[in-house]
Amino acid sequence: MLRKPLESGRQGPNNLGAKLLLAAFLQTLTFFVTYVVVADQSYYPFKKYIFIIHLIITIVLIILFIQYQKYIKREKEHSIWLLF
């Protein structure tokens, strides 16, 4: 039952790269909604520290997502040349 997604290719590296690109967009949207829309009127005392930490984590995640996407694209190009 659990092998079918792996055998069909739905959970392959190429699909994971596309999903991580979507996750980068959703992470940015979540960050925007959290701090611009909701937390703008918050009285929480450490709001600035949480904002900075969350911003750093968001930037690192997006950079990792993009690097993985480039890695998958490069591996795909190399595998095409290996077939010939």
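Above this text is the structure in question.
Residues numbered from 1 in each chain as written. Predicted model: local features only at pLDDT ≥ 70, side-chain atom pairs only at ≥ 80, totals over all residues. Heavy atoms only, no water.

J.: When you look at the overall build of the protein in this model, what are you seeing that I'm missing?
T.: Within the protein one finds 3 helices and 0 strands. Traced from its N-terminal end to its C-terminal end, the protein shows the element sequence α-α-α. For the protein, buried positions account for 14% of its 84 residues. By sequence separation, contacts in the protein at least 24 residues apart represent 61% of the contacts at least 6 residues apart. (Helix = DSSP H or I, 4+ residues; strand = E, 2+ residues; numbered from the N terminus. Buried < 20%, exposed > 50% of the residue type's maximum accessible area, 1.4 Å probe, protein only. Contact = heavy atoms within 4.5 Å.)

J.: Would you mind showing me how to read the packing of aromatic side chains here?
T.: Two numbers describe a pair of aromatic rings. These are the distance of the centres and the angle of the planes. The tally for this structure, following the rule as stated, stands at 2 aromatic pairs. Consider the rings of F31 and F51, whose centres lie 5.3 Å apart with planes at 35°: the pair is tilted. Of this pair, F31 sits in helix α2 (residues 13–38) while F51 sits in helix α3 (residues 47–83), placing them 20 residues apart in sequence. On the accessibility criterion, F51 (32% relative accessible area) is partly exposed. Between F46 and Y49, the ring centres sit 6.1 Å apart and the planes meet at 40°, which makes this aromatic pair tilted. (Phe/Tyr/Trp six-rings, centres within 6.5 Å; stacked < 30°, edge-to-face > 60°.)

J.: Before we go on, may I ask you to explain the environment of F65 in this structure?
T.: Among the secondary structure elements, F65 is positioned in helix α3. A relative accessible area of 16% places F65 in the buried class. With residues up to four places along the chain from it excluded, the contact list for F65 reads L20, A23 and A24.

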